[in-house]
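Analysis of the macromolecular model
Below, each chain spelled out in residue letters.
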Amino acid sequence: MYIHVTQQPQSALNLKGRSTQSVSITRVLIFLILLLAIAPAIPAATVNVDDAAQLVSAVNDGAAGDTINIAAGTYLLSASLKPKAGMVIKGAGMNSTILRPAPSWTPGLATLIDPVNWNGVNTSAYFFYLGNNNGNNNVTISELAMDGLKQLQGAVCGNSIDRLTIHHVYFH
């Protein structure tokens, strides 16, 4: 949107004694406030999942800010989950929602995290991959267990991620 405010001479007054410049700026501000008030907000979705395919789709294809509620059960994953900024991923409890790597998920364990050479990291060897300095912040993972970590390099991988919250999570 482009807004152009022209400046009138100081001597130009409207009938109420205010300069036309202050009236124009006031009108523009009122217009912008009304525009923001009526602009539709895009609410984040709450998605309830109860199988691995739904979980992968909800996390990897979901929008920033979505909440993913994972029902009790065991979920065999064959690749990393890639949450967006602001996502909340919540299980039904540490003893109830269990993520495990499927037997077919063999990402290789040769390349460990190297803070100097991030590009060489095998990012497919983690339950959650948050990205490499991409603004994927404010992610919360809670109320679940990640089991089978010997088959992977770890549970969560990301570089330059702010405000990652992990609570009530069992790692095994």
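Above this text sits the structure in question.
Residues numbered from 1 in each chain as written. Predicted model: local features only at pLDDT ≥ 70, side-chain atom pairs only at ≥ 80, totals over all residues. Heavy atoms only, no water.

The number of helices and strands found in the chain is two helices and nine strands. Its helices and strands in sequence order give the chain the pattern α-β-α-β-β-β-β-β-β-β-β, from N to C terminus. Out of the 172 residues belonging to the chain, those deemed buried represent 30%. Sequence-distant contacts in the chain: of pairs separated by 6 or more residues, those separated by 24 or more amount to 63%. When the accessible surface of the chain is totalled, it reaches about 10,300 Å², and 57% of it is carbon and sulfur. (Helix = DSSP H or I, 4+ residues; strand = E, 2+ residues; numbered from the N terminus. Buried < 20%, exposed > 50% of the residue type's maximum accessible area, 1.4 Å probe, protein only. Contact = heavy atoms within 4.5 Å. Areas by Shrake-Rupley, 256 points an atom, 1.4 Å probe, with all protein chains shown as cover.)

Our focus in this paragraph is the packing of aromatic side chains. Taken as a whole, this structure holds one aromatic pair when the rule is applied. Ring geometry for W105 versus F127: centroids 6.0 Å apart, planes at 85°, classification edge-to-face. Within this pair, whereas W105 is found in the loop between strand 5 (97-101) and strand 6 (126-132), its partner F127 is found in strand 6, the two being separated by 22 residues in sequence. (Phe/Tyr/Trp six-rings, centres within 6.5 Å; stacked < 30°, edge-to-face > 60°.)

For the rest of this paragraph, the subject is the nonpolar core. When a protein is soluble and globular, its nonpolar side chains tend to lie buried together. Ranked by size, the top nonpolar core spans 24 residues in total, and within it L55, L99, F127 and M146 carry the most contacts. Among the elements of the structure, helix 2 (52-60), strand 2 (67-70), strand 3 (73-77), strand 6 and strand 7 (140-146) are those that each provide at least two residues to this core. One finds V121, Y126, Y129 and C157 within the second-largest nonpolar core, a separate group that totals five residues. (Core = buried A, V, L, I, M, F, W, Y, C linked by side-chain atoms within 4.5 Å.)

With that settled, the discussion passes to the environment of A145. Looking at the element boundaries, A145 is found in strand 7. For the pair formed by A145 and T74, sequence separation is 71 residues and the distance between their alpha carbons is 9.4 Å. Sequence-distant contacts of A145, that is, excluding residues within four places in its chain, are made with M94, T97, I98, L99 and Y170.

All chains considered together, the criterion is met by one salt bridge. Linking R100 and D147 is a salt bridge whose minimum nitrogen-to-oxygen distance equals 2.8 Å. Highlighted residues: R100 in strand 5 and D147 in the loop between strand 7 and strand 8 (154-159), separated in sequence by 47 residues. In this structure R100 comes out as partly exposed when scored by relative accessible area, which is 32%. (Salt bridge = Lys/Arg side-chain N within 4 Å of Asp/Glu carboxyl O.)

Attention now goes to the environment of G158. Mapped onto the elements, G158 comes out in strand 8. Considered as a pair, G158 and G131 are 27 residues apart in the sequence and their alpha carbons are 5.1 Å apart.

Bridge analysis of strand 1 (residues 46-49) against strand 2 gives four bridges, and the strand direction is parallel. Residue pairing in the sheet places V47 in a bridge with I68 of strand 2. For the crossover from strand 1 across helix 2 to strand 2, the handedness is right-handed. (Pairing = 2+ DSSP bridges. Right-handed = clockwise from strand over helix to strand, strands pointing away.)

Take the side chain of S80 next. Within the secondary structure layout, S80 lies in the loop between strand 3 and strand 4 (88-90). Separated by 3.3 Å, the side chain of S80 and the backbone oxygen of T123 make a polar contact. Engagement of the side chain of S80 in a polar contact is seen with the backbone oxygen of Y126, the distance being 2.5 Å. Once residues lying within four places of it in the same chain are set aside, the contact partners of S80 are N60, W105, T123, S124, A125, Y126, F127 and Y129. (Polar contact = N/O pair within 3.5 Å; in protein donor to acceptor, adjacent residues only side chain to side chain.)

Turning next to unusual backbone geometry. Here E143, not a glycine, exhibits a phi torsion of approximately 60°, which is positive. Here E143 is to be found in strand 7. You can call E143 partly exposed: its relative accessible area is 21%. Even without being glycine, R163 reaches a positive phi, approximately 60°. Within the secondary structure, R163 is located in the loop between strand 8 and strand 9 (165-171).

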